[in-house]
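Chain and residue survey
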Amino acid sequence: ILDKERRILAHLAGRPDDFDDVVAELNRVFAEAESKLKLCASQRRHRRGRFSAVSVGISFGGGQTEPMNLCLSSHNEEILEALMSNWAMTRLVGYVNTAFGTVHPHLHRKYSALLDSLLQHHPHIRCCFNHSVFAACTVNVGRVVSQRHHDSLNLILGVCAITCGGDFDYTKGGHLILWDLKLVVQFPPGSTILIPSAILEHSNVPIADGETRWSFTQFTVAGLFRWVDNGFQSDKDVQASFKHDPEAEAAYYEKREAMAYDGLTLLSTL
């Protein structure tokens, strides 16, 4: 899906031809995780919809003083580690990472360089997967049909990888709705779509009673990019240093604004 400048805004990565066994195994392990996870009310009902969602990986924001791994209970951590180390998940994550690198090689390198910098500077944090450039992921289970939303914490011109699965008729439900583009896209089980979820409002078409649907998203929050760009400092700490240097402050915000537009150059064109 292209914009008027023929930049790739969304990429329908689909699924490999030999993915039937992978999808069947993913359906099994996601259903198993759903039956075992112990989640609080806010993880089962939230702004994205009425389904269970739990995130894993590296985050920064919400009062954190530095990047760190998202906290999980020991019970849920064990369940999610089993899910994420499953051979089918390894295949899926590798495919998605390759699709991202193929479609947006410049943006992919930016994500890769960020993750390398974070892991070198903060050796105590762990990435989700060794063969992916995304810093975090979310497991969504329990008849997943998302409501209209933006993922406003993600990099504004970055990529969020969305994969779905389950047992549903994708010709009648589960479609991805891209509201700003006025598009409704069929989204078959086992398929992946790459979108800039921070700027494109999106949701799903409901599925029928008795059907099941899960999703798996991979992303990197914008705060991590700002942390590294700030020389491993928070925005708050950098802004405090401008107290007696208005010229440096003006230059900082000018650079930040330019970076937003420079992000357009990282998107591939056709």
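I will try to describe carefully the structure that is included in this document. (Residues numbered from 1 in each chain as written. Predicted model: local features only at pLDDT ≥ 70, side-chain atom pairs only at ≥ 80, totals over all residues. Heavy atoms only, no water.)

To continue, consider the overall build of the chain. Across its full length, the chain holds eight helices and ten strands. Scaling as 2.2 N^0.38, a compact globule of 270 residues should have a C-alpha radius of gyration of about 18 Å, and the chain matches this with 19 Å. The C-alpha extent of the chain, read off along each of the three principal axes, is 65 × 45 × 30 Å. Counting contacts in the chain only where the partners sit at least 6 residues apart, residues at least 24 apart contribute 78% of the total. Looking at charge distribution, the chain has the averaged site of its 26 positive side-chain charges lying 5 Å from that of its 30 negative ones. (Helix = DSSP H or I, 4+ residues; strand = E, 2+ residues; numbered from the N terminus. Rg over C-alpha atoms; globule rule 2.2 N^0.38 Å. Contact = heavy atoms within 4.5 Å. Lys, Arg positive; Asp, Glu negative; His and termini not counted. Charge placed at Lys NZ, Arg CZ, Asp CG, Glu CD.)

What follows concerns the packing of aromatic side chains. Across all of its chains, the model carries eleven aromatic pairs by this definition. Between Phe-19 and Tyr-95, the ring centres sit 5.8 Å apart and the planes meet at 55°, which makes this aromatic pair tilted. Of this pair, Phe-19 sits in the loop between strand S1 (11–14) and helix H1 (20–36) while Tyr-95 sits in helix H4 (residues 87–103); the two residues are 76 residues apart in sequence, bridging distant segments of the chain. Residues Phe-242 and Tyr-252 carry aromatic rings whose centres are separated by 5.2 Å and whose planes lie at 50° to one another, so their mutual orientation is tilted. Of this pair, Phe-242 sits in the loop between helix H7 (235–240) and helix H8 (246–262) while Tyr-252 sits in helix H8, placing them ten residues apart in sequence. (Phe/Tyr/Trp six-rings, centres within 6.5 Å; stacked < 30°, edge-to-face > 60°.)

We note that Arg-143 has phi near 50°; this positive angle belongs to a residue other than glycine. Here Arg-143 is to be found in the loop between strand S4 (136–141) and strand S5 (160–167). Here Arg-143 falls in the partly exposed class, since its relative accessible area comes to 36%. (Buried < 20%, exposed > 50% of the residue type's maximum accessible area, 1.4 Å probe, protein only.)

Tallying each qualifying case throughout the model produces ten salt bridges. For Arg-28, the salt bridge identified is with Glu-25, shortest N-O distance 2.8 Å. Of the two residues, Arg-28 and Glu-25 are both situated in helix H1; the distance of three residues between them amounts to about one turn of the helix. Judged by relative accessible area, which is 45%, Arg-28 ranks as partly exposed. With a relative accessible area of 13%, Glu-25 lands in the buried category. The shortest N-O distance in the salt bridge between Glu-32 and Lys-36 comes to 3.0 Å. One end of the pair, Glu-32, and the other, Lys-36, are both in helix H1, four residues apart, so they sit about a helical turn from each other. (Salt bridge = Lys/Arg side-chain N within 4 Å of Asp/Glu carboxyl O.)

Keep in mind these numbers describe shape, not what the thing actually does.
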